[in-house]
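The chain contents come next:
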Amino acid sequence: MSQAQTGSMAGLKPQEVAFWLGKAVEWGQTESPDTQRDTCLHLGPLRAFLQLLLTDIHMRSSTTETMRTIPFVGQFLGRLCWNPYVTADAESRSLLLQSLWSLYSEEPLNAVERKANQWIRNVLCQLATEEEDSATHMLVKHMGLPPKEYNVKVLRKMVWLLVEKVGESCSSLADPNQRCSCDSVLAASVACVPLVTCPETAPLIGALLQRPVTCDKAALSQDFLDAVSSAYSRKCVSLEAQAVVSLWCHNLASLEGAVMSLLDSVLSNPASIPHNLESTITHSLLPKACSQHGSIFLIVNDIFRSMLVQVEGNQTLLSLIHTFTICFLRELAALQPQECVSLKAFFPHTPQSLLAPLLTHPSEMAQEAWPEHLAWITASLQRLTEEEEEEEGNRGQCGVFEAWFLLVQCADWLEVASQLLVSARPQDCGPLLWLLTFYHHPTNRGHHRTQQLVAAREVWDHLRSLFLLSAPPLPADRLQSLAELMSAVPQQPSLDSLLVVSLLGNFAVFSHNPLSGAREIVRMVVQRSGLVREAVCVLDMVELRLNRERASSSLTDRVTLRTRALRGTLTHMAQHDTHTHGTT
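About the criteria used
Each chain carries its own residue numbering, running from 1 in the direction its sequence is written. Totals for whole chains, interfaces and linings use all residues, but because this is a predicted model, local features are given only for residues with pLDDT of at least 70 and pairs of side-chain atoms are given and counted only at 80 or more. Excluding hydrogens and water, the side-chain figures rest on all heavy atoms present in the structure. Where helices and strands are cited, they refer to DSSP runs of H or I of at least four residues and of E of at least two residues respectively, numbered from the N terminus. To sort residues, take the accessible area from a 1.4 Å probe on protein chains only and compare it with the maximum for the residue type: under 20% means buried, over 50% means exposed, and anything in between is partly exposed. Any two residues whose heavy atoms approach within 4.5 Å are treated as being in contact. Throughout, the Shrake-Rupley method with a 1.4 Å probe supplies accessible areas, and for residues the shown protein chains are the sole cover considered. Any carboxyl oxygen of Asp or Glu that lies within 4 Å of a side-chain nitrogen of Lys or Arg is treated as forming a salt bridge with it. Under the pairing criterion, centres of Phe, Tyr and Trp rings, with the six-membered ring standing for Trp, must be within 6.5 Å; the plane angle then separates stacked pairs below 30 degrees from edge-to-face pairs above 60, leaving the rest tilted. For every residue, the predictor states its confidence as a pLDDT score lying anywhere from 0 to 100. The residues that make up patches have over 30% relative accessible area and no salt bridge, and they are joined within 9 Å when like-charged or within 5 Å when they are Val, Leu, Ile, Met, Phe, Trp or Tyr. When charges are counted, neither His nor the chain ends are considered; positive counts come from Lys and Arg and negative counts from Asp and Glu. To locate a charge, take atom NZ for lysine, CZ for arginine, CG for aspartate or CD for glutamate. By convention a nonpolar core is built from buried Ala, Val, Leu, Ile, Met, Phe, Trp, Tyr and Cys residues, the set being connected through side-chain atoms within 4.5 Å. Take the residue count of a helix, subtract one, and multiply by 1.5 Å to get its expected span. The convention used is that axes are lines fitted to C-alpha atoms, helices contributing only their stretch in contact, and that angles between N-to-C directions extend from 0 to 180 degrees. Roughly parallel means an angle under 35 degrees; roughly antiparallel, over 145; roughly perpendicular, 65 to 115; everything else is oblique. A crossing counts as left-handed when the near helix is turned anticlockwise from the far one by less than a right angle, and as right-handed when that turn is clockwise. Note on residue classes: Ala, Val, Leu, Ile, Met, Phe, Trp, Tyr, Cys and Pro are nonpolar, Asp, Glu, Lys and Arg are charged, and everything else, Gly too, is polar. Throughout this description, a polar contact denotes any pair of N or O atoms lying within 3.5 Å of each other; where both atoms belong to protein, one of them has to be capable of donating a hydrogen while the other can accept it, and for residues adjacent in sequence the pair is counted only when both atoms sit in side chains.

Asks: I keep staring at the overall build of the protein and nothing clicks. Help me out?
Replies: When helices and strands are counted, the protein shows 32 helices and 0 strands. The buried share among the 584 residues of the protein stands at 51%. A separation threshold of at least 6 residues defines the contact pool for the protein, and within that pool the share at least 24 residues apart is 72%. With an accessible surface of roughly 27,400 Å², the protein has 54% of that area assigned to carbon and sulfur atoms.

Asks: Is there a simple way to explain the pattern of salt bridges in this structure?
Replies: One side chain can pair with another of opposite charge once the charged atoms of both are near each other. All chains considered together, the criterion is met by 14 salt bridges. In this structure, the salt-bridge partner of Glu278 is Arg330, at a minimum N-O distance of 2.8 Å. With Glu278 in helix α17 (residues 277-283) and Arg330 in helix α20 (residues 315-334), this pair connects stretches of sequence that are 52 residues apart. We classify Arg330 as partly exposed; its relative accessible area is 41%.

Asks: Any chance you could explain unusual backbone geometry here in plain terms?
Replies: Excluding glycine, residues mostly have negative phi values, and the peptide bonds linking residues are mostly trans. Positive phi, normally seen in glycine, also occurs at Lys235, with a value near 60°. Relative to the elements of secondary structure, Lys235 occurs in the loop between α14 (222-233) and α15 (241-250). Exposure remark for Lys235: the relative accessible area of 76% places this residue in the exposed category. At Leu285, a position not held by glycine, the phi torsion is positive, near 70°. Take Leu285: it is sitting in the loop between α17 and α18 (286-292). With relative accessibility at 17%, the residue Leu285 sits in the buried group.

Asks: What exactly am I supposed to notice about the packing of aromatic side chains here?
Replies: The relation between two aromatic rings is expressed through the spacing of the ring centres and the mutual angle of the planes. Inspection of every chain in the model, using the stated rule, returns 14 aromatic pairs. With 5.8 Å between their ring centres and 50° between their planes, Phe401 and Trp404 make a pair best called tilted. Here Trp404 and Phe401 lie together in helix α24 (residues 394-409), a separation of 3 residues that amounts to about one turn. Exposure remark for Trp404: the relative accessible area of 9% places this residue in the buried category. Between Trp434 and Phe438, the ring centres sit 5.3 Å apart and the planes meet at 10°, which makes this aromatic pair stacked. Residue Trp434 and its partner Phe438 are both found in helix α26 (residues 429-440); the two are separated by 4 residues, about one turn of the helix. On the basis of relative accessible area, Phe438 is assigned to the buried category, the value being 1%. Each residue in the set Phe19, Trp20, Trp27, Phe49, Phe72 and Phe76 is aromatic and connected to the rest through ring pairs, giving one cluster.

Asks: Is there a simple way to think about the confidence of the model for the protein in this case?
Replies: The predicted coordinates of low-pLDDT regions are not to be read in fine detail. With 80% of its residues at a pLDDT of 70 or more, the protein shows a mean pLDDT of 80. Counting contacts from residues 1-7, a segment whose pLDDT is below 50, to residues more than four positions away or on other chains yields 16 contacts.

Asks: Looking at this structure, I do not really get a negative patch on the surface. What am I missing?
Replies: A surface patch of like charges, here negative, comprises Glu386, Glu387, Glu390 and Glu391. Mapped onto the elements, Glu387 comes out in helix α23 (residues 370-391). By relative accessible area, Glu387 is classed as partly exposed at 39%.

Asks: Teacher, can you tell me more about the nonpolar core here?
Replies: Where a protein is soluble and globular, its nonpolar side chains tend to be buried together. Within the largest apolar cluster, 157 residues are counted, with the highest numbers of intra-cluster contacts made by Leu53, Phe76, Leu209 and Phe224. It is helix α29 (residues 497-510) that contributes the most residues to this core, 9 residues altogether. Other than its neighbours up to four places away in sequence, Phe76 contacts Trp20, Leu21, Ala24, Leu46, Phe49, Leu50 and Leu53.

Asks: What am I meant to see in helix α30 (residues 515-529) here?
Replies: Each α-helix winds once per 3.6 residues, and so residues spaced three or four apart point in a common direction. For α30, spanning 15 residues, the distance from its first C-alpha to its last is 21 Å, which sits close to the expected 21 Å at 1.5 Å a residue. Every buried residue of α30 is listed here: Ala518, Ile521, Val522, Met524, Val525, Val526 and Ser529. Gly530, located one to two residues past α30, shows a positive phi value of around 80°.

Asks: Whenever I open this one, the packing of α29 against helix α31 (residues 532-549) confuses me. Can you help?
Replies: Running from N to C, α29 and α31 cross one another at 55°; their axes reach a closest spacing of 9 Å. Taken together, α29 and α31 sit at an angle that is classed as oblique. For α29 against α31, the interelement crossing comes out right-handed. Between α29 and α31, the residues in contact are Leu498, Val501, Ser502, Gly505, Asn506, Val509 and Phe510 and Glu534, Ala535, Val538, Leu539, Val542, Arg545 and Leu546, respectively. A class-by-class count of the residues in the contact of α29 with α31 yields 9 nonpolar, 3 polar and 2 charged.

Asks: Would you take a moment to explain the environment of Ser284 for this structure?
Replies: Assignment of secondary structure puts Ser284 in the loop between α17 and α18. Along the sequence, Ser284 and Val259 sit 25 residues apart, while their C-alpha atoms lie 8.6 Å from each other. Here Ser284 is in contact with Trp248 and Leu262, once residues within four sequence places are set aside.

Asks: Can you help me understand the side chain of Thr350 in this one?
Replies: Among the secondary structure elements, Thr350 is positioned in the loop between α21 (343-346) and α22 (352-359). Residue classification places Thr350 among the buried residues on the basis of a relative accessible area of 6%. In contact with Thr350, other than residues within four places in its own chain, are Leu355, Glu402 and Leu406.

Asks: Just checking my understanding: could you explain the packing of helix α19 (residues 294-310) against α20 for this structure?
Replies: Here α19 crosses α20 at 165°, and the two axes come no closer than 11 Å. By the angle between their axes, α19 is roughly antiparallel relative to α20. Where α19 crosses over α20, the two elements pack in a sense that is left-handed. Mapping the contact onto sequence places Phe297, Val300, Phe304, Met307 and Leu308 in α19 and Leu317, Leu318, Ile321, Phe324 and Phe328 in α20. Looking at the contact of α19 with α20 residue by residue, the class counts come to 10 nonpolar, no polar and no charged.

Asks: Can you walk me through the side chain of Ser254 in this structure?
Replies: Relative to the assigned elements, Ser254 resides in helix α16 (residues 252-267). Residue Ser254 is classed as buried on the basis of its relative accessible area of 7%. What Ser254 contacts, discounting residues up to four positions off in sequence, is Ser229, Leu247 and Trp248.

Asks: Hey, could you run me through the environment of Gln242 in this one?
Replies: Locating Gln242 in the fold gives a position in helix α15. Judged by relative accessible area, Gln242 falls into the partly exposed class, the value being 32%. Remark: the alpha-carbon pair of Gln242 and Leu209, spanning 33 residues in sequence, is separated by 8.9 Å. At 2.8 Å, the side chain of Gln242 and the side chain of Gln292 are in polar contact.

Now the structure itself:
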């Protein structure tokens, strides 16, 4: 063989190259017993030659240089990859795969490298997914090994080798003239594309997604990221939690798809709120991802903001955002101190004076401090709204919206305000009612806000009279007024019916009115308004909040007893209404 044919090879002798190229051609021409025997006899020396060839490839700066200096390499590797007696040997197969990965170009610069990449992809797919009638399968059957078991073992071996290769540190940091080992990262991700749904490739997918990006050559194939994202969204691949988080860091579309999937699953089934909501959100892994990466949290919050604008006043969405924040803060608290960043980084647009007071959970302070804490929060929000009305500028509106958005995220304080209103004195209820009104009507301004505050005070007066002052029989006029306040009046800025239901539920649970009386009030008011599901949701949220806060056992037991009894009344009403409508 001439020098032109064998090329200039530092560690390979021309006579040796000619011998092995001749063997590869000879073994591929016939499948006689003599050929099979000869192949098996030469496997040891072949492995030694392949190791020398791999070392020589690593010395080249590019695939173009390799093809110029070792022109036989493509033909030689191709013939061996299609020889079942060579690929059945684990060590030979490993060396062949490593040689192919080393020839893959991260960014092909010419037609030669593009053609080489396409050829390498085809060979890798063939090695991992051979047809049942291939020569390899015929050999495997002859050896008594089931073809499926052989394929799985081969795939696992490939995955193991790739995981090892991907785990290597960046070699360009040590020697800039040496071909960077990060080139194998892109090659491995490309080879993985047709195999992402195979359970055996999960370790490789995880290793690729979680590999630190040490240089610009460590980028993953976009086809790989799209394939993994699609397979994960269709539940066709099982990934560890950290691999999923890493996928979202690499692929924005995958993250957005996960958030929209969570929104769809919750908003399409509001009846499950709030009992299964926390479990659904935690299972999505989004709170964990948000706690580890502030950028993910900002993106998720932007999607939530957009949804709030599109479906204004949707209680299910408000509950989702509130519960999501609870799960996020729990994941954040579980991080090691060195992994944590400032809360300001997660809430850059929020008025900073409100950040710590609202993010402080009610359970983190004494109950005696709640009224003063809520009064301070209300006063701060009132100042913001007044500044907005004075400035008439976008900056003020943005500040108020962000403050309201944080209030939605920290809605435990709204539930505390509703609870405190049950026992509040007439002179103390103003700030608490203003806070509830602002939460349910954040966009109202001027006289509209004043009118709704007057309506909220009227609701509170009715409820206080019914639960704390009235003796049987119940005053029909106050019951009727409450039901009417739950219904919209087209010509007036009506009070949100959910605000009324929230106050009604809290009075029924926390007042010392006998349970029988509370059940009758709730039954009569809710029956006239038709807001049965909303009332049940309020009761569930009260019970969940007390469980989260680990309130005193006596209070929890009493609340649990009353909420279950009230929920039973409402459930019976709903079933009765369904039966009535079904028979008419």
